[in-house]
Amino acid sequence: MAGSDATPMAGGDATPRAAGGSASGWAGRWRAWRRSRPFWGGLLVALGGAEILVTLRAPLPVILHVGPQGLAGYLVPVILLLCGVLLLAHPPQRLFYALVSLVLALVSWLTSNLGGFFVGMLLALVGGCLAFAWTPVKAHRRPAEAARSG
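Attention here is on the structure that accompanies the text. (Residues numbered from 1 in each chain as written. Predicted model: local features only at pLDDT ≥ 70, side-chain atom pairs only at ≥ 80, totals over all residues. Heavy atoms only, no water.)

As for the nonpolar core
Counting 13 residues, the largest nonpolar core has Val-45, Leu-80, Leu-87, Leu-104, Ala-105, Ala-124 and Ala-131 as the members making the most contacts within it. Of all the secondary-structure elements, those providing two or more residues to this core are helix H2 (39–55), helix H4 (68–89), helix H5 (94–111) and helix H7 (119–133). Those residues within four positions of Val-45 in sequence are excluded, and the remaining contacts are Leu-80, Cys-83, Gly-84, Leu-87, Ser-101, Leu-123, Ala-124, Gly-127 and Gly-128. (Core = buried A, V, L, I, M, F, W, Y, C linked by side-chain atoms within 4.5 Å. Buried < 20%, exposed > 50% of the residue type's maximum accessible area, 1.4 Å probe, protein only. Helix = DSSP H or I, 4+ residues; strand = E, 2+ residues; numbered from the N terminus. Contact = heavy atoms within 4.5 Å.)

Here is the structure:
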């Protein structure tokens, strides 16, 4: 086994070792999916929207009776939650969703109990900043390919 790329296990079995860690199996697929999108930004935006939504305790008939101001209290966190999910589902549009989530997080200060008592607003702001700053990883080119194309 001197030339093979395998590591012996405690039971004597040899399992292949992939370059850069365990790229096979569900953990490797999960890691590859997570790295291909602004995962932490989308997760924090969705959590911020959910937290703001949970802090709104008024029943819907009361909100509709109050008018557009009361409806905005529910509309802002729902759109924040949707932006968080869309950041995870459709990363090419991350800049738009990140900017919308940043603006809505600031608007939640006025519409939704001080932004879910600061916690939801801060989660959404940090998540929006992370999503805005995230860039996809570009594939590394081999030196031979770079010499041919350059």
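Focus: the environment of Gly-42
Relative to the helices and strands, Gly-42 is located in helix H2. Judged by relative accessible area, Gly-42 falls into the buried class, the value being 0%. Placed 47 residues apart in sequence, Gly-42 and Ala-89 show a C-alpha to C-alpha distance of 9.1 Å. Other than its neighbours up to four places away in sequence, Gly-42 contacts Gly-84, Leu-87 and Leu-88.

A closer look at the side chain of Thr-55
Tracing the backbone through its elements, the reader meets Thr-55 in helix H2. Residues contacting Thr-55, with those up to four places away along its chain left out, are Asn-113, Gly-116 and Phe-117.

Here's the deal with the packing of H2 against H7
Between H2 and H7, the shortest axis-to-axis distance is 7 Å and the interhelical angle comes to 160°. In terms of their interaxial angle, H2 and H7 are classed as roughly antiparallel. The handedness of the crossing between H2 and H7 comes out as left-handed. Contacts from Trp-40, Gly-41, Leu-44, Val-45, Leu-47, Gly-48, Glu-51 and Ile-52 in H2 reach Val-119, Gly-120, Met-121, Leu-123, Ala-124, Val-126, Gly-127, Gly-128, Leu-130 and Ala-131 in H7. In terms of residue class, the contact of H2 with H7 is made up of twelve nonpolar, five polar and one charged. (Axes fitted to C-alpha atoms, helices over the stretch in contact; angles between N-to-C directions. Parallel < 35°, antiparallel > 145°, perpendicular 65-115°, else oblique. Left-handed = near helix turned anticlockwise from the far one by under 90°. Nonpolar A, V, L, I, M, F, W, Y, C, P; charged D, E, K, R; others polar.)

Points about the packing of aromatic side chains
Aromatic ring pairs: the centre-centre distance and the angle between the two ring planes describe each pair. If you walk through the whole model with that rule in mind, you get six aromatic pairs. Where Phe-39 meets Trp-40, the ring centres are 4.9 Å apart and the plane angle is 80°; that geometry is what we call edge-to-face. On the basis of relative accessibility, which here comes to 11%, the residue Phe-39 falls in the buried class. Ring centres of Trp-109 and Phe-118 lie 5.2 Å apart, and the angle between their planes is 50°; this geometry places the pair in the tilted category. For Trp-109, a relative accessible area of 37% corresponds to the partly exposed category. The exposure class assigned to Phe-118 is partly exposed, which follows from its relative accessible area of 39%. Joined through ring pairs, the aromatic side chains of Trp-30, Trp-33, Phe-39 and Trp-40 make up one cluster. (Phe/Tyr/Trp six-rings, centres within 6.5 Å; stacked < 30°, edge-to-face > 60°.)

Quick look at a nonpolar patch on the surface
A grouping of Trp-109, Leu-110, Leu-114, Phe-118 and Leu-122 is seen on the molecular surface, where their side chains present a nonpolar patch of about 510 Å² in accessible area. Locating Leu-110 in the fold gives a position in helix H5. A relative accessible area of 72% means that Leu-110 is categorised as exposed. (Patch = residues over 30% accessible without salt bridge, like charges linked within 9 Å, V, L, I, M, F, W, Y side chains within 5 Å. Areas by Shrake-Rupley, 256 points an atom, 1.4 Å probe, with all protein chains shown as cover. Salt bridge = Lys/Arg side-chain N within 4 Å of Asp/Glu carboxyl O.)

These figures come from the coordinates and say nothing about function on their own.
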